[in-house]
Amino acid sequence: AQSVAQPEDQVNVAEGNPLTVKCTYSVSGNPYLFWYVQYPNRGLQFLLKYITGDNLVKGSYGFEAEFNKSQTSFHLKKPSALVSDSALYFCAVSWGRRALTFGSGTRLQVQP
Amino acid sequence: DARVTQTPRDKVTEMGQEVTMRCQPILGHNTVFWYRQTMMQGLELLAYFRNRAPLDDSGMPKDRFSAEMPDATLATLKIQPSEPRDSAVYFCASGLVLGSTSSYNEQFFGPGTRLTVL
């Protein structure tokens, strides 16, 4: 079985401050981890993924995520938030040849 | 640039009517997914195909939902008869899976079909 948890329904941060969106996962094998972003009335857009290798993964729009095997986490980070980063963020996990399992989503609000 | 397209973008129908949603995956992609998104349930996987063959449709209510891929450029999701609880945004996504042991790489999502059943 595989599952992913996003413990925060919403994250609020001031523009220019660093942001973190949390994600923890549970899989039986080596995980493949993904972050997607959804803007209003749009489909999900791929941000970044971890398959293997360096634990720090860099993605689109200045986002990065750190894979931590001991804590089974894959938190999304950005050093300096923009108002335009405000959106719904989804973490997803799979392993083997299984389809992705998505988390419940975290709404990020960046205040000017 | 290559995109997943979905039609219609919005659909309002009455309970009991048949609804058909269409998806054109990105050319060359061999895997197609159908998801449903609601406020209460979040993002749910309904079904997915690889090389046009259904791999898993366990997330789909079998009595009223059906998913098919008549050809590599078209995937359909049908609801018959529709019910108010089917109101949601339905997303199609496509991806390319290579090799016998590879996992699913990034999926490319369409804009969704917003379905309202009155």
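Just above sits the structure.
Cut-offs applied
As a convention, each chain's residues are numbered from 1 in the sequence order in which they are written. All chains are assigned letters beginning with A, and all ligands numbers beginning with 1, in the order in which they are written. Side-chain atom pairs in this predicted model are given and counted only at pLDDT of 80 or more, local residue features only at pLDDT of at least 70, and totals for whole chains, interfaces and linings cover all residues. Only hydrogens and water are removed before side-chain values are computed, so all heavy atoms of the structure are retained for them. The secondary structure listing takes helices from DSSP runs of H or I that are at least 4 residues long and strands from runs of E that are at least 2 residues long, numbered from the N terminus. Only heavy atoms enter the contact rule, under which two residues are in contact if any of them lie within 4.5 Å. The term buried area means the drop in 1.4 Å probe accessible area that two parts suffer when joined, counted for both and summed. Pairs of N or O atoms are called polar contacts if they sit within 3.5 Å, as long as, within protein, a hydrogen donor faces a hydrogen acceptor (for residues adjacent in sequence, only side-chain-to-side-chain pairs). Note on residue classes: Ala, Val, Leu, Ile, Met, Phe, Trp, Tyr, Cys and Pro are nonpolar, Asp, Glu, Lys and Arg are charged, and everything else, Gly too, is polar. Strands are treated as partners if at least two bridges between them are detected by DSSP. A fitted line through C-alpha atoms serves as each axis, taken over the contacting stretch for helices, and the angle formed by two N-to-C directions is quoted from 0 to 180°. Two rings from Phe, Tyr or Trp (for Trp, the six-membered ring) form a pair when their centres sit within 6.5 Å of each other. Planes less than 30 degrees apart are called stacked, planes more than 60 degrees apart edge-to-face, and all others tilted. Working definition: with a 1.4 Å probe on protein chains only, accessible area under 20% of the residue-type maximum means buried, over 50% means exposed, and in between means partly exposed.

### Points about the environment of B:Leu27
Point 1. Topologically, B:Leu27 is positioned in the loop between β3 (19-24) and β4 (31-38).
Point 2. On a C-alpha basis, the gap between B:Leu27 and B:Pro54 in space is 18 Å, while along the polypeptide they are 27 residues apart.

### Some points on the interface of chain A and chain B
Point 1. Facing the 19 residues of chain A at the interface are 22 residues of chain B.
Point 2. Taking both partners together, chain A and chain B bury about 1,600 Å²; carbon and sulfur atoms supply 50% of that area.
Point 3. Summed over the shared surface of chain A and chain B, the number is three residue pairs in polar contact (both at pLDDT 80 or more).
Point 4. Elements with a minimum of two residues in the side of chain A that touches chain B: β5 (32-38), β6 (44-50) and β10 (87-94) of chain A.
Point 5. For the side of chain A that touches chain B, the element with the most residues is β5(A), which contributes four residues.
Point 6. Across the side of chain A that touches chain B, the residue classes tally to 10 nonpolar, five polar and four charged.

### Some points on the sheet that holds β3(B)
Whether parallel or antiparallel, the strands of a sheet pair through hydrogen bonds between backbone atoms.
Residue and element names in this part refer to chain B.
Point 1. Spatial strand order, β1-β3-β8-β7: four strands in an open sheet with antiparallel pairing. Pairing within the sheet leaves two strands with one partner each, and these edge strands are β1 (5-7) and β7 (65-71). Neighbour-to-neighbour, the strand axes of this sheet turn through a mean angle of 20°, independent of strand direction.

### Re the packing of aromatic side chains
Point 1. Using the criterion set out here, one finds 15 aromatic pairs over all chains in the structure.
Point 2. The interplanar angle of 25° and the centroid separation of 6.2 Å between the aromatic rings of B:Phe33 and B:Tyr35 together place this pair among those described as stacked.
Point 3. Classification of B:Tyr35 by relative accessible area gives buried; the value is 1%.
Point 4. With a centroid separation of 6.3 Å and an interplanar angle of 75°, the aromatic rings of B:Phe91 and B:Phe109 are classed as edge-to-face. Of the two residues, B:Phe91 sits in strand β9 (residues 88-95) while B:Phe109 sits in strand β10 (residues 108-109), which places them 18 residues apart along the sequence. For the pair B:Phe91 and B:Phe109, one class covers both residues: buried.
Point 5. Linked through ring pairs, A:Phe34, A:Tyr36, A:Phe46, A:Phe90, A:Phe102, B:Phe33, B:Tyr35, B:Tyr48, B:Phe91 and B:Phe109 together constitute an aromatic cluster.

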